[in-house]
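# Secondary and tertiary structure notes
What follows is the residue order along each chain.
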Amino acid sequence: MKRRHLPLVLVIALAGVLVRPAAADTVNIRIDGIDEPLLANVRNSLSVAAEHEAPWSAGKIRRLYRLAPNEIKSALAPYGYYNPSIKQTLKEPAHDSDTWQVRFRIDHGPQTTVTALNLAVRGPGDELPEIREALRATNLATGKRLIHSQYTATKNALYTAAYDAGYLDARFSQSAIRVRPDDNTAAIDLVLDTGERYYFGDVTFDQDVLNDNFVQRFVPFKAGEPFNADRLVDLQLILSDTDYFNKIAIQAQRGEAERQAPIEDWLFDILYPPDDPLISIGRLEVPVMVNAEASKPQSYEISGGYGTDTGPRVGFGVKFRHLNKRGHQFRSDLRLSAVQQALQASYDIPIANVASDKLSFTANVSNEDFGDITSINYGIGAVRDTAWSLGRKRAYINLERETYDLGDDVGDRTATLLYPGYTITLQKADDLLNTRKGVSASLDVHGGSESLASSVDFFQAKVSGNAVLPLTAKSRLLLRSQFGAIEVDDFEELPPSQRFFTGGDRTVRGYGYQQISPENADGDNIGGRYLVVGSIEADYKVYKDYGIAAFFDAGDVANTTSFDLKRGVGIGFRWASPVGQIRLDLAHPLDDPDSDFRIHFSLGPDL
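Residues numbered from 1 in each chain as written. Predicted model: local features only at pLDDT ≥ 70, side-chain atom pairs only at ≥ 80, totals over all residues. Heavy atoms only, no water.

Turning to the sheet that holds strand β4 (residues 85-91), a few remarks are in order. Taken in spatial order, the three strands make up an open sheet running β2-β5-β4, and their pairing is mixed. Two strands in the sheet have a free side with no partner beyond their single neighbour: β2 (26-32) and β4. Ignoring which end each strand starts from, the neighbouring axes of this sheet average 15° apart. In terms of strand pairing, β2 meets strand β5 (residues 99-107) through seven bridges, oriented parallel. Residue pairing in the sheet places N28 in a bridge with Q101 of β5. Across the face of the sheet, helix α3 (residues 58-76) comes into contact with β2, β4 and β5 while running at roughly 165° to β4. (Pairing = 2+ DSSP bridges. Helix = DSSP H or I, 4+ residues; strand = E, 2+ residues; numbered from the N terminus. Axes fitted to C-alpha atoms, helices over the stretch in contact; angles between N-to-C directions. Contact = heavy atoms within 4.5 Å.)

Let's shift gears to a nonpolar patch on the surface. Taken together, the side chains of Y540, V542, Y543, Y546, I548, I571, F573, L584, L586, F597 and I599 define a hydrophobic patch exposed on the protein surface, amounting to about 1100 Å² of accessible area. Those elements that provide at least two residues to the nonpolar patch are β24 (530-543), β25 (546-558), β26 (566-577) and β27 (580-589). (Patch = residues over 30% accessible without salt bridge, like charges linked within 9 Å, V, L, I, M, F, W, Y side chains within 5 Å. Areas by Shrake-Rupley, 256 points an atom, 1.4 Å probe, with all protein chains shown as cover. Salt bridge = Lys/Arg side-chain N within 4 Å of Asp/Glu carboxyl O.)

Right, let's get into the side chain of D348. Along the chain, D348 turns up in strand β16 (residues 340-350). For D348, a relative accessible area of 6% gives the class buried. Sequence-distant contacts of D348, that is, excluding residues within four places in its chain, are made with G327, H328, Q329, R331, K358, L359 and S360. (Buried < 20%, exposed > 50% of the residue type's maximum accessible area, 1.4 Å probe, protein only.)

One ladder, built from eight bridges, connects strand β15 (residues 329-337) with β16; its direction is antiparallel. From the neighbouring strand, L334 faces β16, where its bridge partner is L343.

This next bit is on the nonpolar core. In terms of nonpolar packing, the biggest core is built from 25 residues, with L210, F218, L239, F245 and V290 touching the most fellow members. Among the elements of the structure, β9 (198-206), α6 (212-215), α7 (229-242), β10 (245-252) and β12 (283-294) are those that each provide at least two residues to this core. With five residues, β12 is the largest single contributor of residues to this core. Setting aside its immediate chain neighbours within four residues, F245 contacts Q207, V209, L210, V215, L239, A292, E293, A294 and S295. (Core = buried A, V, L, I, M, F, W, Y, C linked by side-chain atoms within 4.5 Å.)

Before going further, it helps to spend a moment on the pattern of salt bridges. What the rule picks out here adds up to 34 salt bridges. Among the salt bridges present, the one from R180 reaches D183, with a minimum N-O distance of 3.9 Å. Under the relative-accessibility criterion, D183 is labelled partly exposed at 35%. The partner of E487 in a salt bridge is R529, and the shortest N-O contact between them spans 3.9 Å. Of this pair, E487 sits in strand β23 (residues 475-488) while R529 sits in the loop between β23 and β24, and the two are 42 residues apart along the sequence. According to the relative accessible area criterion, E487 is exposed, its value standing at 52%. Residues joined in a network through salt bridges with shared partners are R480, R509, E537, D553, R574 and D585.

For the pair helix α4 (residues 129-137) and helix α5 (residues 148-164), interaxial distance at closest approach is 8 Å and the crossing angle is 175°. Taken together, the axes of α4 and α5 lie roughly antiparallel to each other. For the pair formed by α4 and α5, the contact residues are E130, I131, A134 and L135 on the first element and A157, L158, A161 and A162 on the second. Across the contact of α4 with α5, the residue classes tally to seven nonpolar, no polar and one charged. (Parallel < 35°, antiparallel > 145°, perpendicular 65-115°, else oblique. Nonpolar A, V, L, I, M, F, W, Y, C, P; charged D, E, K, R; others polar.)

Further remarks concern the sheet that holds strand β7 (residues 171-180). On the basis of which strands lie adjacent, the open sheet formed by three strands has the order β6-β8-β7 and mixed pairing. Lying at the two open borders of the sheet, with one neighbouring strand each, are β6 (113-122) and β7. The mean angle between the axes of side-by-side strands here comes to 5°, regardless of whether they run parallel or antiparallel. Looking at chain direction, β6 and strand β8 (residues 185-193) are connected through nine bridges and run parallel. Note on β8: the bridge partner recorded for L119 is L190.

Okay, structure coming up:
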């Protein structure tokens, strides 16, 4: 290199250092002049505001910055603003910074007003109540600002209403928004042609578990009813809940739809023309195919847990799902804990609404503690368990033989009871496991007579209720109550399984399990005739699904209606776990001089 070229080389090298490409880890965006929701939509639309991991070059930032005006206009248009005024500035990073500064001042300009609206439904379904409701509910109207989301919502509502009602060929013959930015006006055309209505045809099952006549009883619709995709979802859920099947696939065979001419209705249709004129030439019916794979013939269950009322507990169960093709099933359960050892069996027969109703023949043997009494019970029974709109109804009859000792001089007593009964339950909640708002209630009445094979005349009624009420976004109020009464000619002859006891985790906290009741001469709790329990609790979520609670409980069991309420107060820890509320309570009994506090642990739903 010649000596005279050296200064030129040095100048070029120095310039390369001074003008090296700038890079930025962040771009600071400031937007003035508009509020939500416009602000959020504009910010989300800006490429220059996008998140990025690697630093951007100065050239890329400038390119994205130049895109901003068109992006801002596109972001404001759905809200009816087509002529905004935009001022923008870009400032490069200072010498000690790597952040670019971008500023936008936006005036959204005049609103675009709907001056013409052609909103209509044509075809056989134009008078369908669901479609007329969608038309009434629209926010589109002349003289109002154009908002694209309202157009989309109306379009979706109309199509959904038509499709769900069986108009599977529904199409929009006109669907357009025509905007004139020069005078800020818009015209909307939205016309739905319903086409012909489809109806359910025959439902065919491909399965080898149940008789075809029996499995057809699970179908929640009949051939000839208007087609509705939601009813197919209902069928899927019903079959899944039965546990007869493992895999279920349901297909509406629209391509095989056939017209079924209702020849027997021709005279009626002439005298009283149907809403859909095509019905007179026959309904277009869609056959449905259900492929169902059998579940395993047996299922086994092992469970375990702990509660301060019961101590450690374990359970073992087996269920035979496919006894015959009429859906009969058999189940048996063994439950072991410190206060109960029980073996139960049930033979279940689906009846009436086979998806939810059953007739069961039961048998059980148990060794159970009631208060301070140990009882051995053998029993058989029959139960008709059916659903109703808000819960369950159970009509039952039991034959039991129970041996027990009340701690008096008589020693072991044996009672034989044959008693019918009826239980009705109600339950409604936003979430049955972790409830924010809901109620539940139950009523049980049963009784026996010496003239009908029982050892004693008696009649028992018990009612309970629970409520969960939201107070704030993070707090709830829980209310519980129980009332019971027994009418009996000789209370000494009534076995402990039919007496009332209270106290424990889910009744009156601060007291032992079933340790509130009348006592014998030795101070043992032997149960009583009348029951009353009430509880009020408030809880508050401190962090995510974890919370604290404060409560007050009161209750008593007596042989007269003059109650001496035992009260308990305390605080607790709550966790809304995937299997329900987990509760750990520290309770102080206000009416027990022998105890300062008691710890209670329980798991399960609040209702």
